[in-house]
Amino acid sequence: MTINASSVKTSILVPISATLINVINETSDVKTFRIKIDDAKHRGEFTYKPGQFAELSILGVGESTISITSTPTRPDYLEFSIKRIGLVTEAIHTLVSGDKIALRGPYGNGFPVEHWKGKNLIFVAGGIGLAPLRSVINYVLDNRDDYGRIQLIYGARSPQDLVFRREYDIWREARDFNLEITVDCASEGWMGRVGFVPALLKEAAPSPENAIALTCGPPVMIKFVLQDLVSMGFKSNQIITTLESKMQCGVGQCGRCNIGPKYICKDGPVFTLTELNKIKGDF
Ligand SMILES: Cc1cc2nc3c(=O)[nH]c(=O)nc-3n(C[C@H](O)[C@H](O)[C@H](O)COP(=O)(O)OP(=O)(O)OC[C@H]3O[C@@H](n4cnc5c(N)ncnc54)[C@H](O)[C@@H]3O)c2cc1C
Ligand code: FES
């Protein structure tokens, strides 16, 4: 990591130790890791907002940037849902309850959930992109009276790739919560919808009135969802996305993540479409 040590408080770069207290198999390549920070002082200092992320590391292997998928309203633990794609995520997937992991953070701006009180919220997610949005969803459910209607439009490649399945019934039973799910390809026994997320979004046609739309997923999905939301009448300041471009330091020091004049790690990863249009970078 190339960091000018004199210009950055080193303490924000020092990983702290945590213990895995639960590991849930979400899909064949996604696991959710529930952890507890070991030191009580560090635990108390790790306060976060939905949409922030941490750098998780394994000694001798490396670090990965991962969104915090738990909600700060449930402060006894932190959760990270991780897709196994390479060196670090494969190593994390070998861990079991009781093992140690290191982390630093929380980093990034997070979602301005305090400013959305009284608004209807529309979540549009694909695959593991539901992870950062789940933090907002459960935050809103824990503060249910502060928010309006909730609509979640979620899709994955196949029924086996849907994450957080154990929570769908809880969400469906929550007040004014509408959950619609689609898969790109059905497998045997799937009775639900088949098709891409943008098609389901068009069908659901959420109203832009008094609403905020949040989206996260594969870049190609985000591209179509942003266009569709605009054509449905959402203004660009009502549309929010969270970017997952590659990072290194996570704190605006190494220059690994910049698009135009912005650092995704520091100025983002949460951006309104208004901000993205100004940046005009290749995100
Ligand atoms: C803000 C942010 C939040 C994220 N949240 C999550 C999350 O909640 N869950 C999750 O599973 N992943 C998340 N990611 C992606 C995660 O950081 C990478 O998948 C992970 O670091 C890969 O590390 P690795 O060592 O296993 O893979 P590597 O061995 O480094 O890479 C394996 C392959 O994946 C590609 N790759 C690595 N990182 C990325 C990336 N960020 N985007 C596209 N391709 C990449 C590499 O080019 C290579 O082809 C997030 C990324 C960011 C920036
Ligand atoms: S990751 Fe280093 S500047 Fe953003």
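Residues numbered from 1 in each chain as written. Chains lettered and ligands numbered in written order. Predicted model: local features only at pLDDT ≥ 70, side-chain atom pairs only at ≥ 80, totals over all residues. Heavy atoms only, no water.

1. A few points about the overall build of the protein chain
This is how the line gets drawn: Numbering of helices and strands runs from the N terminus, with a helix taken as a DSSP run of H or I at least four residues long and a strand as a DSSP run of E at least two residues long. We compute the radius of gyration over the C-alpha atoms and compare it with the globule rule, which gives 2.2 Å times the number of residues raised to the power 0.38. The cut-offs for exposure are 20% and 50% of the maximum accessible area for each residue type, with area from a 1.4 Å probe on protein chains only; residues under the lower value are buried, those over the upper are exposed, and the others partly exposed.
A count of helices and strands for the protein chain gives eight helices and 15 strands. Taken over C-alpha atoms, the radius of gyration comes to 18 Å for the protein chain, in line with the 19 Å a tight globule of 283 residues would show. Taken along its principal axes, the extent of the C-alpha atoms in the protein chain is 50 × 45 × 35 Å. Across the 283 residues that make up the protein chain, the buried fraction comes to 50%.

2. A few points about the sheet that holds strand β12 (residues 239-242)
Picture the strands of a sheet paired through backbone hydrogen bonds; they go either parallel or antiparallel. Heads up, the rule is: Pairing between strands requires that DSSP locate at least two bridges from one strand to the other. Whether two residues are in contact is decided by their heavy atoms, any of which lying within 4.5 Å being enough. For helices, the axis comes from a line fit to the C-alpha atoms of the stretch in contact; other axes are also lines fit to C-alpha atoms, and the angle between any two N-to-C directions lies between 0 and 180 degrees.
An order of β10-β9-β8-β7-β11-β12-β15 is seen for the seven strands of this open sheet, with the pairing classed as mixed. Single-partner strands in this sheet number two, and they are β10 (193-194) and β15 (270-272). Here strand β8 (residues 150-156) runs beside strand β9 (residues 177-183); their pairing, made up of seven bridges, is parallel. Bridge pairing in β9 places Gln-151 opposite Asn-178. Here helix α5 (residues 197-204) sits on the sheet and contacts β7 (120-126), β8, β9 and β10; the angle it forms with β8, its principal contact strand, is near 155°.

3. Some words on the sheet that holds strand β5 (residues 78-83)
Read across the open sheet, the six strands follow the order β4-β3-β6-β1-β2-β5; overall the sheet is antiparallel. The sheet terminates laterally at β4 (62-67) and β5, the two strands that pair on one side only. The average undirected angle you get between the axes of adjacent strands in this sheet is 40°. The pairing of strand β3 (residues 53-58) with strand β6 (residues 100-107) spans four bridges and is antiparallel. Each residue of the ladder has a partner; that of Ser-57, found in β6, is Ala-102.

4. What to know about the pairing of β3
Every regular strand shows the same layout, with side chains that alternate between the two sheet faces. The element β3 is largely enclosed, with a buried count of six among its six residues. Residues Phe-53, Glu-55 and Ser-57 point to one face of β3 and Ala-54, Leu-56 and Ile-58 to the other, with burial holding for every one of them. Two strands pair when backbone bridges link them, and β3 and β4 are joined in this way by six bridges, in the antiparallel orientation. Bridged to Glu-55 within β4 is Thr-65. Two successive antiparallel strands, β3 and β4, enclose a turn made up of three residues, where Gly-60 displays a positive phi of approximately 85°.

5. Structural notes on helix α3 (residues 130-142)
Short version of the rule: For a helix, the expected span equals 1.5 Å multiplied by the residue count minus one.
In this model, α3 (13 residues) spans 18 Å end to end at C-alpha, consistent with the 18 Å of a helix rising 1.5 Å per residue. Summarising burial for α3: twelve of the 13 residues are buried, a large majority. For α3, every residue scored as buried is listed here: Leu-130, Ala-131, Pro-132, Leu-133, Arg-134, Ser-135, Val-136, Ile-137, Asn-138, Tyr-139, Val-140 and Leu-141.

6. Brief notes about the pairing of strand β11 (residues 211-216)
With six of six residues buried, β11 lies mostly within the body of the structure. By the bridge criterion, three bridges tie β11 to β12 in an arrangement that is parallel. Residue pairing for β12: Thr-215 is matched across the bridge by Thr-241.

7. Looking at the packing of aromatic side chains
For any pair of aromatic rings, the description rests on two quantities: the centre-to-centre distance and the angle between the ring planes. Stated formally: Pairing of aromatic rings covers Phe, Tyr and Trp, the last counted by its six-membered ring, and requires centre-to-centre distances within 6.5 Å; plane angles under 30 degrees mean stacked, over 60 mean edge-to-face, and any other angle means tilted. Only Lys NZ and Arg CZ are tested; either one counts as a charge over a ring when it is within 6 Å of the ring centre and within 35 degrees of the ring normal.
Taken as a whole, this structure holds five aromatic pairs when the rule is applied. Centroid distance Phe-53 to Tyr-107: 6.0 Å. Interplanar angle 65°. Geometry classified as edge-to-face. One end of the pair, Phe-53, is in strand β3; the other, Tyr-107, is in strand β6, with 54 residues separating them in the sequence. For Phe-53, a relative accessible area of 3% translates into the label buried. A residue is classified by how much of its surface remains accessible, and Tyr-107, at 6% relative accessible area, is buried. Through pairs of rings, three or more aromatic residues link up here, namely Tyr-168, Trp-171 and Phe-177. Between Arg-134 and the ring centre of Phe-164, over which it is positioned, the NZ or CZ distance is 4.5 Å. It is Lys-223 that lies over the ring of Phe-224; its NZ or CZ is 5.7 Å from the centre.

8. Things to note about the domain arrangement of the protein chain
Which entries qualify depends on this criterion: What counts as a domain boundary in this text is fixed by an automatic or database domain assignment. A simple way to read buried area is as the amount of 1.4 Å-probe accessible surface that goes missing from two parts once joined, with both sides added.
Taken domain by domain, the protein chain holds domain 1 (5-107) and domain 2 (113-242). For domain 1 and domain 2, the distance between their C-alpha centres works out to 25 Å. Taken over both partners, the interface formed by domain 1 and domain 2 buries close to 1,500 Å², and the fraction arising from carbon and sulfur atoms is 50%. Considering only the surface of domain 1 that becomes buried against domain 2, Glu-26, Pro-50 and Thr-69 emerge as the three largest contributors, covering 32% of it.

9. Here we look at the nonpolar core
The following threshold applies: The set of buried Ala, Val, Leu, Ile, Met, Phe, Trp, Tyr and Cys residues whose side-chain atoms join them within 4.5 Å is what this entry labels a nonpolar core.
Membership of the largest hydrophobic core comes to 35 residues, with the highest contact counts inside it found for Trp-116, Leu-130 and Leu-214. Those elements that place two or more of their residues in this core are β7, α3, β8, α4 (168-173), β9 and β11. Residue contributions to this core peak at eight residues, all from α3. Residues contacting Leu-214, with those up to four places away along its chain left out, are Phe-111, Trp-116, Leu-121, Ile-122, Phe-123, Val-124, Leu-133, Val-136 and Ile-240. Grouped together as the second largest cluster of nonpolar side chains are 30 residues, Val-197, Val-251, Ile-264 and Leu-273 included.

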